[in-house]
Structures are given as C-alpha cells and as structure tokens.
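What the coordinates show
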Amino acid sequence: MTMEESQPELRWAPLPPQPKRTGRVWLIVGLSVAALAIVGLLLFFLLPRGDSPAPSESASPTPTASVTPTSTPTPTPTPTATTAPEPEPTPMLTPPPATDPSIEVFRGQVSGWLNSAPRGLDIIAGASGQDALPVVDTLKQDAQRLSDAQAPSSIASKWYDGVTDYAQRLTQLQAAITNDSGVAAAVDAARTSVNALRSLAGL
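What this report covers is the structure whose coordinates are included nearby. A quick note: this is a predicted structure, and the numbers were derived from the prediction, not measured. (Residues numbered from 1 in each chain as written. Predicted model: local features only at pLDDT ≥ 70, side-chain atom pairs only at ≥ 80, totals over all residues. Heavy atoms only, no water.)

Scanning the protein chain from terminus to terminus reveals nine helices and zero strands. Listing the helices and strands of the protein chain from first to last along the sequence gives α-α-α-α-α-α-α-α-α. Within the span of the protein chain, comprising 203 residues, buried residues form 19% of the whole. Looking at the protein chain as shown, the accessible area adds up to about 15,100 Å², and 64% of this sits on carbon and sulfur atoms. (Helix = DSSP H or I, 4+ residues; strand = E, 2+ residues; numbered from the N terminus. Buried < 20%, exposed > 50% of the residue type's maximum accessible area, 1.4 Å probe, protein only. Areas by Shrake-Rupley, 256 points an atom, 1.4 Å probe, with all protein chains shown as cover.)

Since the α-helix advances by 3.6 residues per turn, residues separated by three or four positions end up pointing in the same direction. If you check helix α8 (residues 156–179), its first and last C-alpha atoms are 35 Å apart, about what 24 residues at 1.5 Å a residue would give, namely 34 Å. Taken together, the buried positions of α8 are Ala 156, Trp 159, Gly 162, Val 163, Tyr 166, Leu 170, Leu 173, Ala 176 and Ile 177. For α8, the elements touching its buried residues are α6 (103–126), α7 (133–148) and α9 (183–201). Two residues or fewer past α8, Asp 180 is found with a positive phi of approximately 55°. (Expected span 1.5 Å × (residues − 1). Contact = heavy atoms within 4.5 Å.)

A grouping of Val 25, Trp 26, Val 29 and Val 33 is seen on the molecular surface, where their side chains present a nonpolar patch of about 420 Å² in accessible area. Its place among the elements puts Val 25 in helix α2 (residues 22–46). (Patch = residues over 30% accessible without salt bridge, like charges linked within 9 Å, V, L, I, M, F, W, Y side chains within 5 Å. Salt bridge = Lys/Arg side-chain N within 4 Å of Asp/Glu carboxyl O.)

With 19 residues, α9 extends 27 Å between its outermost C-alpha atoms, agreeing within 8% with the 27 Å of an ideal straight helix rising 1.5 Å per residue. When we look at burial in α9, the residues that qualify are Ala 186, Val 187, Ala 190, Ser 193, Val 194, Leu 197, Arg 198 and Ala 201. Seen along its axis, α9 keeps its buried residues to an arc of 145°; they face one direction. Residues of α9 that are exposed and angled more than 90 degrees away from the buried face: Ala 184, Ala 185, Thr 192 and Ser 199. Of the surrounding elements, those touching the buried residues of α9 are α6, α7 and α8. Looking one or two residues past α9, Gly 202 carries a phi angle of roughly 85°, positive in sign. (Arc of directions from axis to C-beta.)

Now the structure itself:
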C-alpha cells in the first residue's frame, strides 16, 4: 500500500445544535425583579421614620423655658444696694452736746499756758532789745492755743474776748520791742490782760 492509501479520509459532519439558555435569562430577570421589590418594601417602611425628627423639635423649646427662671434672680441684688445707704446716717453728730467741759477740766487744760505767761513777761521785761522777740513769739503761740481751747458755756463769751485782748497786747508788745519804745508799758498791759484770763479760769 502506498502512503496515500494509509491516511484516513476526512469527511464533514454537521455540528450538534447548542442547548438553548433562555431558562437562565428568565431566572436572572426574576431575581432582579425580586431584589427591586425588596428594596421598594424597605424604602416604604423606612420613609415613615423620616418624619420622627418632628417630635425632637418639640423638645427644643423646653430649654428656652429653663432660661427664663435664670433671668428672674437677676433683679434680686438690687435690694442689696438699697440696704447699703441705710448705715450711712450714723449717730456721730451726737457728741457735740457733751463738749461743754466743767471749770475744773478747763482749768487743767489751760493752766500750763496761763502759768507760763507771767514768767515770759518777766523775761521780756529783763531782756534787752531784740532778744525778747523769741519769747513774744512763744507767748503768741500760747495765746492761739488758749483761743482754740473749748471754754465752758458759763464763761465762753468773756474768755474769748479776753483771749482776743491778750493777743492784741502781745502784738503791741512785739511792735514796742521792735521800735525800742514803750516796752515797759506794753509789758504791763499784756500782764493785766493775761491776769484777767487767769482769774476766769480760777488760777
């Protein structure tokens, strides 16, 4: 046999028909429709819950009512300011009626100045020229203290008139020493004036 005779013969045969897949297509369509139905049901049940925030708004005005009582205690501190001016009218003006001292108390207050006046006038009378001026200044300062002293009401008018006269005598004495003229007469006039004050005080 030849090689050509040993090769099998090739013949064309018709292919078998492919199976139809229409069943799978309908299954897929059915599943997709079922899924859409489930999604629609879920949305239907979830939509009514979206209206729930409406009651939450009703809770929001409640804190506004709580704010109103906080504003009410604010006017309470105002009456405290009204009580503050009450202690201002203190009865500190009452002491003046007790300022009228007795003669004994007044004598003890002015005795030191009245007792040093005659000694000072003696020093002035024995001094020479301008050396007596510092003593006159001291007596004038004592006369100012006698004027500031609170005299009893029984002798107040005579006392202040006498102190004024004594201060004028000392001014005249100072002028006499400065001018070196009439010093002795000025010393005697000042001595007479201060002795009048001593008698008023009971010295």
